[in-house]
Amino acid sequence: MKKQGRNFILLVTVLAALAAGYICLVRYNREQQEKETGQVEGEVLVDIARDDILRFSYVFQGETYGFEKKEGLWTSDADPSRDLKQSSLDAMAGRLTRIVAQNTFTDVTDLAQYGLEEPSNVLHWETAQGSYTYHVGDYNSLGSVYYICEPESRKVYAVTASLGTGFGYSLEELTEEKAESTEQSDGAESADSQPAAE
C-alpha cells in the first residue's frame, strides 16, 4: 500500500510538471510568433469617457464634418445655428471612447495593403488632456475588422467594425427635422373670400 501511495504521488508530480511545461511552451511559442509576425493582441489604444470629448471630426464622401460641444450640446463647425440630432452625435462620440486593437501589426512597409495609403476616413477628436487622430483603411470581412493607423505611423491596428461604419452621415442627415406649421383661418377658406351675391 505504501508503495502504491508513493507511485501515485510520483505520478501526480510528473503530471503537474508536464502541465506546467506545456503552459510555458505555449506561452513561449506565442511570444515568438508575435516577434516574428509583429502581431500583438488586445492593445488598448483609447480609453476615455464620452463626456471628456470636446470636439470630433470625420470625413464622409470627401467632405470633412466637425462638431464641437458647447454648453452640453453638439454644434456644427460649418453651421453652428443648426439644430442637430444630439443622440446621434452622442452615439458617434461614444464610438471614440474605447478602442482596443484585436491585432497590431508593427513595422508595416506597405500601408496600401491595408487601405491606409489613401484612407477612406480620418477620425480626429479632442479632450482637455489631448487629441487623437486615426486614419481608417480597408475592411477585412474575414475578421470583421477595419484597419487603422496614426498619421505618419507604420503600426497598423485591426479594430471593431463600428469605428469604420459609424461615421457615414452628412450634416443634413444629422439635422433635426422641423415640423412645418400651417396657418388656417377660423372658418374662412381664404382671407380674400367674398360673400355670395343674393
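Residues numbered from 1 in each chain as written. Predicted model: local features only at pLDDT ≥ 70, side-chain atom pairs only at ≥ 80, totals over all residues. Heavy atoms only, no water.

Participant: Honestly, the overall build of the protein in this entry has me stumped. Any pointers?
Facilitator: For the protein, the count of helices and strands is 3 helices and 11 strands. Helices and strands in the protein line up, N terminus first, as α-β-β-β-β-β-α-β-β-β-β-β-β-α. By residue count, 30% of the 198 residues in the protein fall in the buried class. Looking at the protein alone, contacts between residues at least 24 apart form 59% of all its contacts between residues at least 6 apart. Surface summary for the protein: the accessible area is close to 13700 Å², and the carbon and sulfur share equals 48%. (Helix = DSSP H or I, 4+ residues; strand = E, 2+ residues; numbered from the N terminus. Buried < 20%, exposed > 50% of the residue type's maximum accessible area, 1.4 Å probe, protein only. Contact = heavy atoms within 4.5 Å. Areas by Shrake-Rupley, 256 points an atom, 1.4 Å probe, with all protein chains shown as cover.)

Participant: What is the right way to look at the nonpolar core in this model?
Facilitator: Nonpolar side chains in soluble globular proteins tend to be buried together. The biggest cluster of nonpolar side chains holds 30 residues, and the ones touching the most others in it are Leu45, Phe56, Tyr58, Phe67, Trp125 and Ile148. Residues within four places of Ile148 in sequence aside, it is in contact with Leu45, Ile99, Leu116, Tyr134, His135, Val136, Lys155, Val156, Tyr157, Val159 and Leu163. In this structure, Phe105, Val145, Cys149 and Val156 belong to the second largest nonpolar core, which totals 10 residues. (Core = buried A, V, L, I, M, F, W, Y, C linked by side-chain atoms within 4.5 Å.)

Participant: Could you clarify how one ought to interpret the packing of aromatic side chains in this entry?
Facilitator: Ring pairs (aromatic) are described by centroid distance and by the angle formed between their planes. Considering all chains together, one arrives at 13 aromatic pairs under this definition. Geometrically, the ring pair formed by Tyr114 and Tyr147 is edge-to-face, given 4.8 Å between the ring centres and 75 degrees between the ring planes. Linking Tyr114 in the loop between strand S7 (103-105) and strand S8 (121-126) with Tyr147 in strand S10 (residues 145-149), this pair joins segments that are 33 residues apart in sequence. For the residue pair Tyr114 and Tyr147, the accessibility class agrees, reading buried in each case. Put simply, the rings of Phe56, Tyr58, Tyr65, Phe67, Trp74 and Phe167 pair up and form one aromatic cluster. (Phe/Tyr/Trp six-rings, centres within 6.5 Å; stacked < 30°, edge-to-face > 60°.)

Participant: I tried to follow the side chain of Thr104 on my own but got confused; where do I start?
Facilitator: Inspection of the secondary structure puts Thr104 in strand S7. The exposure class of Thr104 is buried, given its relative accessible area of 1%. Looking at Thr104, its side chain comes within polar contact range of the side chain of Glu43, at 3.3 Å. (Polar contact = N/O pair within 3.5 Å; in protein donor to acceptor, adjacent residues only side chain to side chain.)

Participant: Can you help me understand the pattern of salt bridges in this one?
Facilitator: Any two side chains of opposite charge can pair, given that their charged atoms come close. For the structure on display, the rule yields 7 salt bridges. Among the salt bridges present, the one from Asp47 reaches Arg98, with a minimum N-O distance of 3.1 Å. One end of the pair, Asp47, is in strand S2 (residues 43-47); the other, Arg98, is in strand S6 (residues 98-101), and 51 residues separate them in sequence. With relative accessibility at 53%, the residue Asp47 sits in the exposed group. Judged by relative accessible area, Arg98 falls into the partly exposed class, the value being 47%. Notably, a salt bridge pairs Arg55 with Glu68, separated by 3.8 Å at the nearest N-O pair. (Salt bridge = Lys/Arg side-chain N within 4 Å of Asp/Glu carboxyl O.)

Participant: Looking at this structure, I do not really get unusual backbone geometry. What am I missing?
Facilitator: A negative phi angle characterises most non-glycine residues, just as the trans form characterises most peptide bonds. Phi is positive for Gln61, close to 55 degrees, though the residue is something other than glycine. Looking at where Gln61 falls in the secondary structure, it is placed in the loop between strand S3 (55-60) and strand S4 (63-70).

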